[in-house]
Amino acid sequence: MLSLNPENLSERENYKFLIGSIIPRPVAFVTTQSKNDVLNGAPFSYFNIVSSNPAMISISIQRSSGERKDTARNIIDNKEFVVHIVDEENVEKVNKTAASLPPDESEITLAQLTPVKSERVKVAGVKEAKVRFECSLVQAIDLGGCDLFIGKVEQYHVDESIYSDGKIDPRGLGAVSRLAGSNYAKIGDVFSIERPK
């Protein structure tokens with residue numbers, strides 16, 4: 001087995017190693033609002049659950065040439081954002097939002113996504129997602145080359161067709177996950193293993 005020291009690798013080599021081995025990664029589509037009221041949207045795969053009590057999630061946003069991306073700046077400025085689960089039906093539109101646009105142009109418009117008003121935050125979500133979380137910022141951690149955001153979920157929205165008895169149907173949700181390069185994955189074989197008591 002090879003042993004590699006991350007300090008001896010370039011940033012790009014570390015990136016490729018991490019995204020190629022930590023798979024599959026859930027994909028968050030995040031909407032934020034700029035100071036000029038432009039609705040921004042972008043996908044991020046450095047995303048996960050932090051806690052269920054209280055309900056909190058995390059998103060890490062890498063910087064571009066040392067500069068914060070629009071999403072990171074907007075979260076820091078407004079302390080609110082909406083996270084959507086990317087699924088098989090919306091992944092192509094969401095992928096369009098990864099384009100580099102000036103801060104005064106909306107990726108939502110570019111991708112022809114439909115804004116929908118939120119209930120507990122000022123930032124709009126998008127109608128095309130089967131699950132979305134309205135979030136308020138709990139903590140922003142400056143890690144140098146990226147910013148780690150922890151958000152408290154203020155409101156859930158879920159498509160009734162995939163929610164029953166307090167559970168979400170994973171096949172109905174059809175969430176996609178990120179692999180390396182341009183590759184994504186769908187939910188494959190599902191199997192169960194009982195946890196020991």
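See above for the structure.
A quick note: this is a predicted structure, and the numbers were derived from the prediction, not measured.

## Remarks on the overall build of the chain
- Along the chain, the regular secondary structure elements total 5 helices and 14 strands.
- What you see for the chain is a C-alpha radius of gyration of 17 Å, in line with the 16 Å of a compact globule of 197 residues.
- Each principal axis of the C-alpha atoms in the chain carries an extent, and together these give about 50 × 45 × 30 Å.
- Here the chain, with 197 residues, has 40% of them falling under the buried criterion.
- For the chain, long-range pairs separated by at least 24 residues make up 60% of all intrachain contacts whose partners lie at least 6 apart in sequence.

## Thoughts on the sheet that holds strand E4 (residues 47-52)
- Read across the open sheet, the 7 strands follow the order E3-E2-E6-E9-E10-E5-E4; overall the sheet is antiparallel. This sheet does not close on itself; its edge strands, each paired only once, are strand E3 (39-44) and E4. Averaged over all pairs of adjacent strands, the angle between strand axes in this sheet comes to 35°, irrespective of strand direction.
- Two elements, strand E6 (residues 80-85) and strand E9 (residues 131-142), share 5 bridges in a ladder whose sense is antiparallel. Residue pairing across strands places histidine 84 opposite arginine 132, the latter belonging to E9.

## A closer look at the sheet that holds strand E1 (residues 25-26)
- Taken in spatial order, the 3 strands line up as E1-E13-E14 in an open sheet, and their pairing is antiparallel. The two strands at the open ends of the sheet, each matched to only one other strand, are E1 and strand E14 (184-185).
- Note that E1 and strand E13 (residues 177-178) share 2 bridges and pair antiparallel. Note on E13: the bridge partner recorded for arginine 25 is arginine 178.

Rules used throughout
- Residues numbered from 1 in each chain as written.
- Predicted model: local features only at pLDDT ≥ 70, side-chain atom pairs only at ≥ 80, totals over all residues.
- Heavy atoms only, no water.
- Helix = DSSP H or I, 4+ residues; strand = E, 2+ residues; numbered from the N terminus.
- Rg over C-alpha atoms; globule rule 2.2 N^0.38 Å.
- Buried < 20%, exposed > 50% of the residue type's maximum accessible area, 1.4 Å probe, protein only.
- Contact = heavy atoms within 4.5 Å.
- Pairing = 2+ DSSP bridges.
- Axes fitted to C-alpha atoms, helices over the stretch in contact; angles between N-to-C directions.

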